[in-house]
Amino acid sequence: MAQAALGAAGLHFDELNKLRVLEPEVAAQTAQLREECRAFVDKTEEFQKIVGSLIELVDQLAKAAESEKMKAIGARNLLKSIAKQREAQEQQLQALIAEKKMQLERYRIEYETLCKIEADQNEFIDQFIFQK
């Protein structure tokens, strides 16, 4: 009866017979909710740590990928530069070949002319010797 009167006034006894304002079931639910909230907060903090480390890892991978990308661009530019140098060198060599062919043709003509002059001179010498 005393408990009913206290219950009507909003006062209750707990398992240790202490006077409480909340009902024992509500107090138990509140304590359970508090523990679940703590567990949720702990899991959320752990999740944020994992996400933070994942973000750091992704940042490191992005930096490494960017570095490799820059190396690849540098290598490609170097290859283009080498190709252009080879083309220029090939053009220079082609020009040198053309110049040497022209020089060879001049020398061939000069040789033929000199051979003709030699033959003419030999013929003149032969005629001169036979006339004596």
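One structure accompanies this document, and this report is about it.

Basis of the calculations
What you see as residue numbers is a count from 1 along each chain, following the sequence as written. This being a predicted model, a pLDDT of at least 70 is required before a residue's local features are given, and a value of 80 or more before pairs of side-chain atoms are given or counted; all residues contribute to the totals for chains, interfaces and linings. Side-chain calculation: all heavy atoms of the structure are included, whereas hydrogens and water are not. The salt bridge criterion pairs a side-chain nitrogen of Lys or Arg with a carboxyl oxygen of Asp or Glu, the two atoms within 4 Å. Starting at the N terminus, helices and strands are each numbered in turn, a helix being any DSSP run of H or I of at least four residues and a strand any DSSP run of E of at least two. For every residue, the accessible area (1.4 Å probe, protein chains only) is compared with the maximum for its type, and the residue is labelled buried under 20%, exposed over 50%, or partly exposed between those bounds. Ring pairs are drawn from Phe, Tyr and Trp, using the six-membered ring of Trp, whenever the two centres fall within 6.5 Å, and their geometry is named by plane angle: stacked under 30 degrees, edge-to-face over 60, tilted for the rest.

## Comments concerning the pattern of salt bridges
Link 1 in the chain: Evaluation of the coordinates by the stated rule reveals four salt bridges.
Link 2 in the chain: Measuring nitrogen to oxygen at the nearest pair gives 2.2 Å for the salt bridge that ties R108 to E105. Of this pair, R108 and E105 both sit in helix α2 (residues 24-131), three residues apart, which is roughly one turn of that helix.
Link 3 in the chain: Given the relative accessible area of 37%, R108 is considered partly exposed.
Link 4 in the chain: A salt bridge links R108 to E112, with the shortest nitrogen-to-oxygen separation between them at 2.5 Å. Taken together, the residues R108 and E112, both in helix α2 and four residues apart, mark about one turn of the helix.
Link 5 in the chain: Here the salt bridges do not stand alone but share partners, grouping E105, R108 and E112 into one network.

## Description of the packing of aromatic side chains
Link 1 in the chain: For the structure shown, the criterion picks out one aromatic pair.
Link 2 in the chain: Centroid distance F124 to F128: 6.5 Å. Interplanar angle 20°. Geometry classified as stacked. Taken together, the residues F124 and F128, both in helix α2 and four residues apart, mark about one turn of the helix.
Link 3 in the chain: On the accessibility criterion, F124 (56% relative accessible area) is exposed.

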